[in-house]
Amino acid sequence: MTVFIFLGSLLAAMGVGIPIAYSLLLSGVALMWHLDLFDAQILAQNVINGADSFPLLAVPFFMLAGEIMNVGGLSRRIVALALTLVGHRRGGLGFVAIVAACLMAALSGSAVADTAALAALLLPMMVRAGHDKARAGGLIASAGIIAPIIPPSIGFVIFGVAANVSISKLFLAGIVPGLLMGLAIAGTWWWVAKREAVVPPPKATSAERLQALKESGWALFLPVIVLVGLKMGVFTPTEAAVVAAVYALLVATLVYREMSWRQTCEVFVTAARTTAVIMFLVAAAMVSAWLMTVADIPSKMVGLLEPFMGNQTLLLIAIMLLVMAVGTAMDMTPTILIMTPVLMPVIKAAGIDPVYFGVLFIMNNAIGLITPPVGTVLNVVAGVGRMKMDDVTRGVLPFMAAQFAVMFLLVFIPGLVTVPARWFAG
């Protein structure tokens with residue numbers, strides 16, 4: 001009955017168009033009434049405590065780094081470098097999108113920011129070259145969701161806080177899965193693009209490649225700073241976010257000199273607005289998380305999944321299918337905040353490595369960003385490319401299938417996550 005009241009009130013509130021953060025608060029109030037615990041002070045206290053977290057400071061700074069990267073010329077130079085490296089191959093512009101997405105993922109960790117930049121820079125080029133616009137949009141959308149997997153990742157930060165799991169370990173464990181996602185969509189694009197009669201751009205000369213590498217060198221040095229700093233223990237993920245934001249700001253204003261004072265102010269305002277949305281979601285979700293613990297919902301969930309407890313693979317498959325279903329109707333951040341407190345007791349009871357599960361969970365939620373009907377990243381591509389949502393959805397399907405295949409491959413072969421994670425952690 002408790003689970004029904006929580007889910008029923010949450011879905012009902014969302015169904016009538018109430019924003020998710022307020023829906024979470026309403027479902028928390030409904031649970032409080034049901035448990036005879038209603039107290040406005042408890043509600044306010046949990047909201048405040050939910051946002052009062054030092055690790056969550058990484059979110060606004062990584063968001064700021066992503067905005068600066070797009071406005072200050074870092075993204076454009078990375079795309080130019082990828083173009084000189086792989087642009088001359090058949091379907092080369094698609095491979096450029098994938099390589100650029102992997103490089104940009106190591107800078108911002110935001111799927112929306114990376115996708116918006118890629119769509120603005122590459123989608124018109126791909127259409128002019130003769131590629132099908134829907135297919136090109138689908139490729140860019142699927143490439144954009146690599147950002148929450150390759151560190152630094154805002155999704156890993158939120159999951160790490162909600163699940164009390166090391167964010168540094170999550171970052172290092174996400175490197176290989178993120179690259180595998182890129183390889184999967186690259187293979188799919190090769191298979192799809194060979195049917196198109198598109199003449200690739202001419203091959204860049206060695207001088208042009210060196211020039212592109214030189215111009216993008218300052219941008220490429222950012223992920224090196226972050227990853228080396230985390231591995232060597234120089235700073236925490238939160239401090240890495242500050243380093244990333246300050247470094248991007250200095251490069252954009254002093255080195256590339258492409259960001260004016262007015263643009264700098266606009267970037268800070270945009271990042272602040274996006275951060276406010278995420279932090280309010282986190283704060284509202286903590287009310288429900290506290291009440292779930294009081295109502296002992298996690299132990300009830302463990303009981304429901306008891307038949308799968310003897311087989312970790314079957315349990316993970318069941319959980320991944322559940323998260324896939326939720327991802328079609330809910331954005332990434334609320335899904336993490338709602339499901340993490342419920343699923344983590346199950347994961348711990350089954351003896352599954354929380355870091356390994358966190359990688360799979362965030363991968364699944366990232367792919368949820370391109371699953372209709374909600375598909376936040378699909379909406380970004382449709383908006384930037386002035387396309388119909390149905391066309392982008394049609395174009396993304398083969399790439400989405402390839403990324404789901406990678407996710408389930410990792411379910412069956414955990415070593416692809418755990419072994420590289422231990423190696424990177426040293």
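Let me begin by describing the structure that accompanies this report. What you see is a predicted model; the values in this text were computed from it and never measured.

What the protein chain contains, in helices and strands, is 21 helices and zero strands. A compact globule built from 426 residues would reach a C-alpha radius of gyration of about 22 Å, and the protein chain, at 21 Å, matches this within 12%. Dimensions along the principal axes, computed over C-alpha positions, put the protein chain at roughly 70 × 45 × 45 Å. With 426 residues in all, the protein chain has 55% of them scored as buried. In the protein chain, once contacts between residues fewer than 6 apart in sequence are set aside, the share between residues at least 24 apart is 78%. Entry remark: accessible area of the protein chain is about 17,700 Å², with carbon and sulfur atoms responsible for 67%. On the protein chain, the mean spot of the 23 positive side-chain charges and the mean spot of the 18 negative ones are 14 Å from each other.

It is worth spelling out the packing of aromatic side chains at this point. Going through the model one piece at a time under the given rule, you end up with eight aromatic pairs. Here the aromatic residues F62, F156 and F171 are joined through ring pairs into a cluster of three or more. The residue whose ring lies beneath R77 is Y256, and the NZ or CZ to ring-centre distance is 3.7 Å.

We now examine the packing of helix α6 (residues 92-105) against helix α8 (residues 133-144). In the contact formed by α6 and α8, the axes pass within 9 Å of each other and the chain directions differ by 15°. Between α6 and α8, the angle is such that the two are roughly parallel. Crossing angle aside, the handedness with which α6 passes α8 is right-handed. Taking contact as the criterion, the partners of G94, A97, I98 and A101 in α6 are, on α8, L139, I140 and A143. Residues of the contact of α6 with α8, tallied by class, amount to six nonpolar, one polar and no charged.

Next up on the list: the nonpolar core. Judged by nonpolar contacts, the single largest core of 144 residues is most densely connected at F159, I319, F357, F361 and I370. Ignoring any residue separated from it by four or fewer positions in sequence, one finds F361 in contact with F159, M320, V323, T335, I336, M339, T340 and L343.

Across the 10 residues that make up helix α9 (residues 154-163), a large majority, eight, are buried. If you check which residues of α9 are buried, you get I154, G155, F156, V157, I158, F159, G160 and A163. N-capping of α9 is provided by S153, with a side-chain oxygen placed 3.2 Å from the backbone N of G155.

For R77, the location among the structural elements is in helix α5 (residues 74-86). Accessibility expressed as a relative area gives 13% for R77, which makes it buried. Note: C-alpha distance between R77 and A100 (23 residues apart in sequence) is 9.5 Å. Excluding its chain neighbours within four sequence positions, the residues that come into contact with R77 are G72, E215, S216, Y256 and E258.

Look at helix α19 (residues 376-385) against helix α20 (residues 389-412): their axes get within 9 Å of each other, and the N-to-C directions meet at 120°. Between α19 and α20, the crossing angle belongs to the class labelled oblique. Of the two possible hands of crossing, α19 and α20 adopt the one that is right-handed. Here α19 contributes L378, N379, V381 and A382 to the contact with α20, which in turn contributes M389, V392, T393 and V396. For the contact of α19 with α20, a count of residues per class yields six nonpolar, two polar and no charged.

Another point: the side chain of N364. Note on placement: N364 falls in helix α18 (residues 354-368). Taking the relative accessible area as the measure of exposure, N364 reaches 2% and is therefore buried. Among the polar contacts listed, one links the side chain of N364 to the backbone oxygen of M320, at a separation of 2.9 Å. Once you skip the residues sitting within four places of it in the chain, N364 turns out to touch M320, V323, M324, F404 and M407.

What follows is about a nonpolar patch on the surface. Together, W218, V242, V246, L250, L254 and V255 give the surface a local cluster of nonpolar side chains, amounting to about 520 Å² of exposed area. Ranked by residues supplied to the nonpolar patch, first place goes to helix α13 (residues 237-255) with five residues. If you trace the backbone, L254 turns up in helix α13. Here L254 falls in the exposed class, since its relative accessible area comes to 56%.

Relative to the elements of secondary structure, F6 occurs in helix α1 (residues 2-15). Judged by relative accessible area, F6 falls into the buried class, the value being 4%. A sequence separation of 23 residues divides F6 from V29, and the C-alpha atoms of the two residues are 9.3 Å apart.

Now for α5. In a regular helix each residue adds 1.5 Å, so 13 residues correspond to 18 Å; α5 covers 19 Å between its end C-alpha atoms and thus fits that length. Every buried residue of α5 is listed here: L74, S75, R77, I78, V79, L81, A82, T84 and V86. The inward-facing, buried residues of α5 abut α4 (58-71), α6, α7 (111-129), α12 (206-231) and α13.

Procedures and definitions
- Residues numbered from 1 in each chain as written.
- Predicted model: local features only at pLDDT ≥ 70, side-chain atom pairs only at ≥ 80, totals over all residues.
- Heavy atoms only, no water.
- Helix = DSSP H or I, 4+ residues; strand = E, 2+ residues; numbered from the N terminus.
- Rg over C-alpha atoms; globule rule 2.2 N^0.38 Å.
- Buried < 20%, exposed > 50% of the residue type's maximum accessible area, 1.4 Å probe, protein only.
- Contact = heavy atoms within 4.5 Å.
- Areas by Shrake-Rupley, 256 points an atom, 1.4 Å probe, with all protein chains shown as cover.
- Lys, Arg positive; Asp, Glu negative; His and termini not counted.
- Charge placed at Lys NZ, Arg CZ, Asp CG, Glu CD.
- Phe/Tyr/Trp six-rings, centres within 6.5 Å; stacked < 30°, edge-to-face > 60°.
- Lys NZ or Arg CZ within 6 Å of the ring centre and 35° of its normal.
- Axes fitted to C-alpha atoms, helices over the stretch in contact; angles between N-to-C directions.
- Parallel < 35°, antiparallel > 145°, perpendicular 65-115°, else oblique.
- Left-handed = near helix turned anticlockwise from the far one by under 90°.
- Nonpolar A, V, L, I, M, F, W, Y, C, P; charged D, E, K, R; others polar.
- Core = buried A, V, L, I, M, F, W, Y, C linked by side-chain atoms within 4.5 Å.
- Polar contact = N/O pair within 3.5 Å; in protein donor to acceptor, adjacent residues only side chain to side chain.
- Patch = residues over 30% accessible without salt bridge, like charges linked within 9 Å, V, L, I, M, F, W, Y side chains within 5 Å.
- Salt bridge = Lys/Arg side-chain N within 4 Å of Asp/Glu carboxyl O.
- Expected span 1.5 Å × (residues − 1).

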